[in-house]
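# Remarks on the overall topology
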Amino acid sequence: MLFGPVAVADAEGAILAHGVHHADGRFPKGRVISTDDVATLTRSGIETITVARLESGDVGEDEAASRIAVRLAGPHLTISAAHTGRVNLFAAADGLALVEAATIHALNRVDEAVTVATVPPFTPVLKGQMLATIKIIPFAVSDSIIANLEWMLAGAGPVSLAPWTGLSAGLVQTILPGTKPQVLDKSVSVTAARMAGIGGDLLGEVRVPHAVAPLTDALRTTGGDILLVIGASAITDRRDVIPAAIEAAGGKVLHFGMPVDPGNLLLLGTLDGRPVLGLPGCARSPKLNGVDWVLQRLGAGLTVDASAIMGLGVGGLLAEIAGRPLPRALATALPRAPRIHGLVLAGGFGRRMGDGGNKLLRQWRGQPLVRHVVQSAISAQLAGVTVATGYQEGDIRRVLEGLSIDFAHASDHGDGLSATLKAGLTALPDDIDGVMVLLGDMPRVTAAIINRMVAAFSPADDRAIILPTCGGQRGNPVLWDAAFIPDMLALTGDNGARTLVAAHAALVCEVAVEETGVLLDVDVPDDLARLD
C-alpha cells in the first residue's frame, strides 16, 4: 500500500487518510476521492491531502476484516458488516463465550496490521452482546497475510457460544440446632437467582438435619438435572457429612476443593448420572464466586470434571475484586450490538403514478414493491421491523401477510409524509438505540446495505446519522440515533427528516456503496423499468 501526501489534482481514486474540512463541509477519513471531490477541494483552496492507494496484492480493510471474521466465528454467533476495517462478533443467544486463547494469541502475532480482541474465555453473555472484534489497522493489508490467517483458521472457529441449556436444579440444605430460617430462606432466593442467570430453574428445596442418613434419603428423592447441597457446616474433608451421604446414596465423589477464592471448599460428585455439587458457604452470597463458574459451565452443557476444576486457578482470585455481581449483571456490562429497529414508510398516495392505484402494490420480480423492502429489513441485522401504513392500509397488510412485522397506521396520512413517519415512530419500542427509516418504494435496498449502515452506527464516535451514498450522491434509507426521535416527531407537512441532517452535519456518517438501489425509488411508471 502506498501512503503519503499527494496533490489534490492527482488524488482521484485514492483513500483519504485524514478528515478534511472544505468549503461545503467535511470529507471523513476513509473516503474514496471522486472527481467531484477533487473539484470541491480545489475550489476550497486545498492543494495537498494525505492518501492511501492499494497496490497489486493488497486487500482493502473491510474485505480483510470480513474474511477473517467468517473463519473466526464458531456456532451461535452473528457477524456484523464491516466498517472502517472493523467487524464484530455478537452472541446469537444467551450463554457462555468460548474462546481458544492460544489461537487468538497466535493470530495477533502474525502481523501488526491485524488485531483480534475477545472477551475472556467463559464469560457469560446475553443475546446481542459482543464477543470479539476484528480490526485491520491500516487501510489495506497484503493478501498473503490474510491467506495465512485463513489457513490458521481452517478448523472450527475459535470464538463461539455455548447457549444455556435450560438446566434444572434441586436444592438440599442441611440444618443444625440454631440454624436461622432466614439464612436458609436467603439461600433459596440467591440460588434461584443464580439458576435464572444461566437460563435455568430451581425446581424446589428440601431441608434436612445435618447428618448422613437424612441427607442420603434427600439426595435419592430430590429432582433436577443437577443436585445442589448447602451444608449447615462447611465440608472440611472427603469423609465429611455431605460426601459421605453422596456415596451412601450410591453416588461418587469426583473432586474436593477448587483453586478459586471465594469457593475453595466446593465438592463435585455424581449420582445417577447427575452432577452433585456440595456448595461452600459463599454460595449463600449473591456476589460472584467459584460456584458461579461451575454452574455456568454446567448450564452451558459443558463437561465439568476434576481436571476442569483444577484448571480454574489463573484468574481465580476473586476475593479482592470490587463488586462481584451475578452472571447476568456481568453480561449486561459488556458491549452489545445496537438495537436498531426498522421503520418502513408505506402510507403515501403515490399520485405521480397516474393511474390512481397504490404504487407500493406494483409488481417487480414477482412481488409487490413494498414486500421487497420489508423482506430486506427482516433479513438484516435489525431488532424488529414496523410498517407504517396510510393509504389503502388493508391492501398493504394483505401483501405483507406471513411476515414477522408490526404495523402502525397513520389515520392522517393525507397530511403528508411526516404524518406516516410520526405514526411509525410513536409505535416503536422504548429500548431501541436507533431507527432505520426505509421507504416502501425502494425495492433494491438490500439487507447487506442495511447491515453496513448498522455497522457504521456509533453515536459515541459522532456517527449518529448514517446515510448511504452511491457515486457521491446521498440516498436512502437513513439510520437515526433514537435521540433524534423527539425532533422527528415535531416535523410537519410532506417533508421527511432530511431537514435535520443539515442541522446536525457533524454527526452524519456517509457509507459508500456500489449498489444504485439506494438512489432508486418508484414515483412514475418509467421508474419501474429503471429498477432493472
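Residues numbered from 1 in each chain as written. Predicted model: local features only at pLDDT ≥ 70, side-chain atom pairs only at ≥ 80, totals over all residues. Heavy atoms only, no water.

Let's shift gears to the packing of helix H6 (residues 212-221) against helix H7 (residues 241-248). Their axes nearest at 8 Å, the elements H6 and H7 cross at an angle of 55 degrees. Considering the angle they form, H6 stands oblique to H7. As H6 packs across H7, the resulting crossing turns out to be right-handed. Across the interface between the two elements, Val-212, Leu-215, Thr-216, Leu-219 and Arg-220 of H6 pack against Val-241, Ile-242, Ala-244, Ala-245, Ile-246 and Ala-248 of H7. A class-by-class count of the residues in the contact of H6 with H7 yields nine nonpolar, one polar and one charged. (Axes fitted to C-alpha atoms, helices over the stretch in contact; angles between N-to-C directions. Helix = DSSP H or I, 4+ residues; strand = E, 2+ residues; numbered from the N terminus. Parallel < 35°, antiparallel > 145°, perpendicular 65-115°, else oblique. Left-handed = near helix turned anticlockwise from the far one by under 90°. Contact = heavy atoms within 4.5 Å. Nonpolar A, V, L, I, M, F, W, Y, C, P; charged D, E, K, R; others polar.)

Okay, the pattern of salt bridges next. Scanning the model with the defined rule gives 17 salt bridges in all. Glu-510 is paired through a salt bridge with Arg-474; the nearest N and O atoms lie 2.8 Å apart. Residue Glu-510 is found in strand S30 (residues 508-512), and its partner Arg-474 is found in strand S28 (residues 473-474); the two are separated by 36 residues along the sequence. Glu-510 gets classed as partly exposed once you look at its relative accessible area, which sits at 23%. Measuring nitrogen to oxygen at the nearest pair gives 2.8 Å for the salt bridge that ties Arg-530 to Asp-527. Here Arg-530 and its partner Asp-527 are both found in helix H17 (residues 525-530), three residues apart, which amounts to about one turn of the helix. (Salt bridge = Lys/Arg side-chain N within 4 Å of Asp/Glu carboxyl O. Buried < 20%, exposed > 50% of the residue type's maximum accessible area, 1.4 Å probe, protein only.)

With that settled, consider the pairing of strand S17 (residues 226-230). A large share of S17 lies buried, amounting to five of its five residues. Across four bridges, S17 lies against strand S20 (residues 274-279) in parallel orientation. What sits directly across from Ile-230, in S20, is Leu-279. (Pairing = 2+ DSSP bridges.)

Asp-37, Val-38, Thr-40 and Leu-41 are the residues of helix H1 (residues 35-43) that are buried. Relative to the axis of H1, the buried residues are bounded by an arc of 165 degrees and lie together on one face. Turned more than 90 degrees from where H1 packs its buried face, Asp-36 and Arg-43 sit exposed. In this fold, the buried residues of H1 make contact with strand S3 (20-22), strand S4 (25-27) and strand S5 (48-53). Where H1 terminates, the next one or two residues include Gly-45, which has phi positive at roughly 80 degrees. (Arc of directions from axis to C-beta.)

This structure, assessed with the given rule, holds zero disulfides. With no disulfide partner, Cys-470 has as its closest neighbouring cysteine sulfur the one in Cys-509, 16 Å distant. According to the relative accessible area criterion, Cys-470 is buried, its value standing at 11%. (Disulfide = S-S within 2.5 Å.)

A few words on the nonpolar core. Within the largest apolar cluster, 36 residues are counted, with the highest numbers of intra-cluster contacts made by Leu-382, Leu-400 and Met-436. Going through the elements one at a time, strand S21 (340-346), helix H11 (369-379), strand S24 (384-389), helix H12 (393-399), strand S26 (434-439), helix H14 (447-456), strand S27 (465-470) and S30 are the ones with two or more residues in this core. In terms of residues, this core owes the most to one element, H14, which gives six residues. Leaving out residues up to four positions away in the same chain, Leu-400 has contacts with Val-370, Arg-371, Val-374, Val-387, Ile-405 and Phe-407. (Core = buried A, V, L, I, M, F, W, Y, C linked by side-chain atoms within 4.5 Å.)

Attention now moves to the packing of aromatic side chains. Per the stated rule, a full pass over the model turns up one aromatic pair. When the centroid spacing of 5.8 Å and the interplanar angle of 75 degrees are considered together, the rings of Trp-480 and Phe-484 count as edge-to-face. For the residue pair Trp-480 and Phe-484, the accessibility class agrees, reading buried in each case. Its end group placed over the ring of Phe-122, Arg-297 keeps NZ or CZ at 4.0 Å from the ring centre. Across the ring face of Phe-407, the terminal group of Arg-397 is positioned such that the distance to the ring centre comes to 4.2 Å. (Phe/Tyr/Trp six-rings, centres within 6.5 Å; stacked < 30°, edge-to-face > 60°. Lys NZ or Arg CZ within 6 Å of the ring centre and 35° of its normal.)

Here we take up helix H2 (residues 61-72). Here H2 spans 16 Å end to end across twelve residues, near enough to the 16 Å set by a 1.5 Å rise per residue. For H2, the set of buried residues is Glu-61, Ala-64, Ala-65, Ile-68, Ala-69 and Leu-72. Taken down its axis, H2 places every buried residue within 130 degrees of arc, on the same side. (Expected span 1.5 Å × (residues − 1).)

Right, let's get into the sheet that holds strand S18 (residues 252-256). The six strands lie next to each other as S16-S15-S17-S20-S19-S18, forming an open sheet whose pairing is mixed. In the strand order of this sheet, the two ends are held by strand S16 (201-209) and S18, each with one partner. This sheet shows a mean twist of 20 degrees between the axes of neighbouring strands, independent of strand direction. In terms of strand pairing, strand S15 (residues 168-175) meets S16 through eight bridges, oriented parallel. Residue Leu-171 lies in a different strand from S16, and its bridge partner there is Glu-205. Its contacts with the sheet place H6 against S15, S16, S17, strand S19 (267-271) and S20, and it is angled at close to 160 degrees to S16.

Nothing here speaks to function; it is geometry throughout.
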